[in-house]
Structures are given as C-alpha cells and as structure tokens.
Amino acid sequence: FSKGKKKKEEIRMASAGAGYDLSPTTFSPDGRIFQVSYAQKSVSTSGTSLGILCSDGVVLACEKLKNSKMLLPSSGRRLHSVGAGYGCAVTGFASDGRQIVNRAREEVSSYKDTYGILPPPSVLADRLGHYVHYFTLHGALRPFGATATVASYDSDMKECKLHQIDPSGTCHSYYAC
C-alpha cells in the first residue's frame, strides 16, 4: 500500500461511524449526526405510507407489513386517529410511532383545554416537530425511528392540511408525501 491510499482508507473509515455514532449530540467531521441518519434509515427500510391532499379531504394509506403468519390481521396498526379532524400515519418503528401519536393526542387535548378550540394544523405539526427534534438534542435520549404524516382539517380556514415530521424533527407541509 502506498501512503496516499492508506490515508484515503483512514478518512473513509472515520466517516462510517468510528465513535461518532455513540450519541445524538456528536457531529462527525463532515457535519453529520449518525444517530439521526440511522433513524431515517430505519424509516426507509420499513413499510410505505402515503398522504395525498385533495380538494375535499386528505387520503392517508399505509403498507401493512405482516412479519409472521401468526399475527392477527388487526395488529400492527399504522393509521391512528388523533382527535376530531386529525389523523396520523406512521412508518418506522411502531413503538416510536405510537409515542409520536400519543404526544399528538396530548397536544390536541392540551390546546383545546387551554384555548377552547382545536389547534390549527400548522401549530400541531410544529409542536410535534419540536417534540421529535428534542430527542436529537440530548445524549441520554435517542432520535425517534419513525416518521409521522399528519392529516388535519382547519375549521377556521375551511381547508385540509397535510404535514410530515421526519426523525430529525423537520416538519413540512405537502400536497402529497
């Protein structure tokens, strides 16, 4: 091996983890956070979810993964009702998705108790994004290995909205995702 080739191999090894993946708060030399990348990879290798914003509503669909013939057809839900006018489709780790859905239900309930109205779709999506992002900021926590697609109806604007929150906590509004 020549010196140049060995140096190139060392650089490649450093960017493939090499201790930079032990905490969600540790950046690699090239600026990546490997824990978030691993969470996004777990989402991409799990089932597919789809959200389509239509003129009269939102369509949410999820691929039903059946890992075993022994599972009941009713198990492994990926579509959840969050509240009146709110629905959520999750992909990735089912347990992480349930945590996000439970937080969405708490946010809807808390907002309604505080302000007397249901939260606007953008407010709910932003709050969920902040919650998911919080888990990328502390070494004692791990990022969620799930993506949530939130469909909602804005009663003030009389229109439906579609948002998606990824494992990094980034929240975007879509026509289809």
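First, a word on what this report is: a plain description of the structure on this page. All figures in this text were calculated on a predicted structure; none of them were measured in a lab.

### Here we look at the pattern of salt bridges
This model, assessed by the stated rule, comprises four salt bridges. We note a salt bridge from D96 to R142, for which the minimum N-O separation is 2.9 Å. Of the two residues, D96 sits in helix α3 (residues 94-115) while R142 sits in the loop between α4 (121-134) and β5 (146-154), which places them 46 residues apart along the sequence. Judged by relative accessible area, which is 44%, R142 ranks as partly exposed. A salt bridge links E107 to R127; the nearest nitrogen and oxygen atoms lie 3.0 Å apart. Here E107, found in helix α3, pairs with R127, found in helix α4; they are 20 residues apart in sequence, far enough to count as distant. Overall, E107 belongs to the buried group, its relative accessible area being 10%. Exposure remark for R127: the relative accessible area of 28% places this residue in the partly exposed category. Here the salt bridges do not stand alone but share partners, grouping R103, E107 and R127 into one network.

### Notes on a positive patch on the surface
A cluster of like positive charges, contributed by K64, K66, R77 and R105, occupies part of the molecular surface. Topologically, K66 is positioned in the loop between β2 (57-62) and β3 (79-83).

### Remarks on helix α2 (residues 34-45)
Along its twelve residues, α2 runs 16 Å from first to last C-alpha, staying within 8% of the 16 Å computed at 1.5 Å per residue. The secondary structure elements touched by the buried residues of α2 are β4 (86-92) and β5.

### Comments concerning the side chain of T147
With respect to the helices and strands, the residue T147 is situated in strand β5. The buried category is assigned to T147, whose relative accessible area is 7%. Aside from chain neighbours lying at most four places away, what touches T147 is V43, A89, V90, T91, Q164, I165, D166 and P167.

### Details of a nonpolar patch on the surface
Taken together, the side chains of L50, I52 and V59 make up a nonpolar region of the molecular surface, amounting to roughly 220 Å² of accessible area. With respect to the element layout, L50 can be found in strand β1 (residues 49-54).

### Examining the nonpolar core
Core analysis: the biggest nonpolar cluster contains 18 residues, and C88, I100, L124 and L128 have the highest contact counts within it. Where this core is concerned, the elements lending two or more residues are β4, α3, α4 and β5.

### Some words on the environment of G57
Mapped onto the secondary structure, G57 falls in strand β2. Sequence separation between G57 and E159 is 102 residues, and the spatial gap between their C-alpha atoms is 7.9 Å. The residues contacting G57, other than those within four sequence positions of it, are I52 and C160.

The rules behind these values
Residues numbered from 1 in each chain as written. Predicted model: local features only at pLDDT ≥ 70, side-chain atom pairs only at ≥ 80, totals over all residues. Heavy atoms only, no water. Salt bridge = Lys/Arg side-chain N within 4 Å of Asp/Glu carboxyl O. Helix = DSSP H or I, 4+ residues; strand = E, 2+ residues; numbered from the N terminus. Buried < 20%, exposed > 50% of the residue type's maximum accessible area, 1.4 Å probe, protein only. Patch = residues over 30% accessible without salt bridge, like charges linked within 9 Å, V, L, I, M, F, W, Y side chains within 5 Å. Areas by Shrake-Rupley, 256 points an atom, 1.4 Å probe, with all protein chains shown as cover. Lys, Arg positive; Asp, Glu negative; His and termini not counted. Charge placed at Lys NZ, Arg CZ, Asp CG, Glu CD. Expected span 1.5 Å × (residues − 1). Contact = heavy atoms within 4.5 Å. Core = buried A, V, L, I, M, F, W, Y, C linked by side-chain atoms within 4.5 Å.

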